[in-house]
Amino acid sequence: MSMTALACAAVPCAVAAVRLTARQERGLRRAGLLLASGGAPMGPAHGEPSWERLLPRFRDSVRGLPKEWLCLPPALLLALAGESVLPLLGGALAVPLVGRRLRAGERRKERERRAAGIVALCGAAAGELRAGLQPVQALLVAAASTGGLGGAEPAVLAAARFGGDVPDVLRRAAREPGAEGLVGLAACWRVAVDGGAGLAAGLDRLEAALRAESEQREGLRAQLAGAWSTVVVLALLPVVGLAMGWALGADPLRVLLHTPAGLGCLAVGGLLEAAGLWWAARIVRIGEAS
């Protein structure tokens, strides 16, 4: 084991020892102050090291950082263990890629929430219509109870209250990702207003269709979970190889980061790993989109 690795392993022990010593000194200081003040209790802030008072603030600031920045601590540890700046550069390059992936996941969840809200809106509006409310009142009550209109709620409710073109506003709101079901709601509204057809029956059929589509999408995602697991295993195989090298008593980081052959293998392996991950993820995304 290199001196850098030993130093990295000794840092937590040193921190724990310093903290234990500080606590003991703080206890002795509090006892002396308590005896000197005639038994008056001292506040918890007296005698505390400044770093302990700043520790909660540091934790809060770390929690507020974007999740993609968590790529840097492991890269820093690898850079210290391998005595090379290449792992740190790799971690810095991974930050925007991981951030892009996380933002794509957040957008997907937002689309799913919006689609689920529209399904709930259709069901609630149909129930209010059967309870005897007029279409405008039913839409107002359903939107207030479910929030299915999302950011388009003020415009749609204003058009419904003041006699505007509700189907046109709904079609414009359907341009948001995940809000495509509002096109069906606009069609049902148009048919009910122009042709006198029952809006409740149309909303029931629309809710059933949107719910079936959502269930089909969830089923497809469950079937593709195994493929995503394969992608994750493929991504972790290099780490397993490095761990096996360490278990056999070798120093794979020194070979990879400090020899010409190792650097060549690292470059070729990194390119093949990236190409394999991209291709596997592309296959899974095509399956999700189909």
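What you are looking at is a predicted structure, and each value in this text was computed from that prediction instead of being measured.

On to the nonpolar core, then. Among the nonpolar cores identified, the biggest contains 35 residues, and Leu149, Leu170, Leu182 and Leu203 are the most heavily contacted of them. At the level of elements, helix H4 (86-130), helix H5 (135-146), helix H6 (153-161), helix H7 (166-173), helix H8 (181-195) and helix H9 (199-223) are the ones that each hand at least two residues to this core. At 7 residues, the largest contribution of residues to this core is made by H4. Discounting chain neighbours no more than four positions away, the residues touching Leu149 are Leu121, Ala143, Val156, Leu157, Leu170 and Leu182.

A word on the packing of H6 against H7. Close contact between H6 and H7 brings their axes to 9 Å; oriented N to C, the two are set at 175°. Between H6 and H7, the angle is such that the two are roughly antiparallel. Contact with H6, carried on its side by Ala155, Val156, Ala159 and Ala160, involves Val166, Val169 and Leu170 of H7 and no other residues of that element. When the residues that make up the contact of H6 with H7 are grouped by side-chain class, the tally is 7 nonpolar, no polar and no charged.

Our next topic: the pattern of salt bridges. Using the criterion set out here, one finds 12 salt bridges in the structure. Of the charged contacts, one joins Arg254 and Glu83 as a salt bridge, the two residues approaching to 3.0 Å between their closest N and O atoms. A residue pair is termed long-range when its members are at least 10 positions apart, and Arg254 in helix H11 (residues 252-258) and Glu83 in the loop between helix H3 (72-82) and H4 qualify at 171 residues. A salt bridge links Glu207 to Arg211, with the shortest nitrogen-to-oxygen separation between them at 2.8 Å. Here Glu207 and its partner Arg211 are both found in helix H9, 4 residues apart, which amounts to about one turn of the helix.

Glancing now at H4. For H4, built from 45 residues, the straight-helix expectation of 66 Å at 1.5 Å per residue is met to within 8% by its first-to-last C-alpha distance of 67 Å. Among all positions in H4, only Pro87, Gly91, Val95, Gly99, Gly117, Ile118, Val119, Leu121, Cys122, Ala125, Ala126 and Leu129 are buried.

The next point concerns the environment of Pro74. Relative to the helices and strands, Pro74 is located in helix H3. Classification of Pro74 by relative accessible area gives partly exposed; the value is 43%.

Applying the stated criterion across every chain, the model contains 0 disulfides. This cysteine, Cys188, is not joined by any disulfide, and Cys122 carries the nearest cysteine sulfur, 7.3 Å off.

Looking now at a positive patch on the surface. Residues Arg100, Arg101, Arg107, Arg111 and Arg285 make up a contiguous surface patch of positive charge. For the positive patch, the leading source of residues is H4, giving 4 residues. Summarising the element assignment, Arg285 is placed in helix H12 (residues 260-289).

Residues Leu76, Leu77, Leu80, Val85, Leu86, Leu88, Leu89, Leu263 and Leu266 make up a contiguous nonpolar surface patch of about 730 Å² in total accessible area. Elements with a contribution of two residues or more to the nonpolar patch: H3, H4 and H12. Along the chain, the position of Leu80 falls in helix H3. On the accessibility criterion, Leu80 (37% relative accessible area) is partly exposed.

Attention now goes to the packing of H4 against H9. For the pair H4 and H9, the least separation of the axes is 9 Å and the interaxial angle reads 155°. Taken together, the axes of H4 and H9 are roughly antiparallel relative to one another. Seen along the crossing, H4 lies across H9 with a hand that is left-handed. From H4, Arg108, Glu112, Ala115, Ile118, Val119, Cys122, Gly123, Ala125, Ala126, Leu129 and Arg130 reach across to H9, where they touch Leu199, Ala200, Leu203, Asp204, Leu206, Glu207, Leu210, Arg211, Arg217, Glu218 and Arg221. Considered class by class, the residues forming the contact of H4 with H9 number 12 nonpolar, 1 polar and 9 charged.

The subject of this paragraph is the confidence of the model for the protein chain. Close reading of the predicted structure is inappropriate where its pLDDT is low. Residues at a pLDDT of 70 or more form 75% of the protein chain, whose mean pLDDT is 76. For the protein chain, per-element mean pLDDT is lowest for helix H1 (residues 3-36), which scores 46, and highest for H4, which scores 88. Note that pLDDT drops below 50 for residues 1-22; the model gives that stretch 12 contacts with residues more than four away or on any other chain. Across residues 31-49, confidence stays below pLDDT 50; counting only partners more than four residues off in sequence or on other chains, it has 16 contacts.

Rules used in this analysis
Residues numbered from 1 in each chain as written. Predicted model: local features only at pLDDT ≥ 70, side-chain atom pairs only at ≥ 80, totals over all residues. Heavy atoms only, no water. Core = buried A, V, L, I, M, F, W, Y, C linked by side-chain atoms within 4.5 Å. Buried < 20%, exposed > 50% of the residue type's maximum accessible area, 1.4 Å probe, protein only. Helix = DSSP H or I, 4+ residues; strand = E, 2+ residues; numbered from the N terminus. Contact = heavy atoms within 4.5 Å. Axes fitted to C-alpha atoms, helices over the stretch in contact; angles between N-to-C directions. Parallel < 35°, antiparallel > 145°, perpendicular 65-115°, else oblique. Nonpolar A, V, L, I, M, F, W, Y, C, P; charged D, E, K, R; others polar. Salt bridge = Lys/Arg side-chain N within 4 Å of Asp/Glu carboxyl O. Expected span 1.5 Å × (residues − 1). Disulfide = S-S within 2.5 Å. Patch = residues over 30% accessible without salt bridge, like charges linked within 9 Å, V, L, I, M, F, W, Y side chains within 5 Å. Areas by Shrake-Rupley, 256 points an atom, 1.4 Å probe, with all protein chains shown as cover. Lys, Arg positive; Asp, Glu negative; His and termini not counted. Charge placed at Lys NZ, Arg CZ, Asp CG, Glu CD. Left-handed = near helix turned anticlockwise from the far one by under 90°. pLDDT = per-residue confidence, 0-100.

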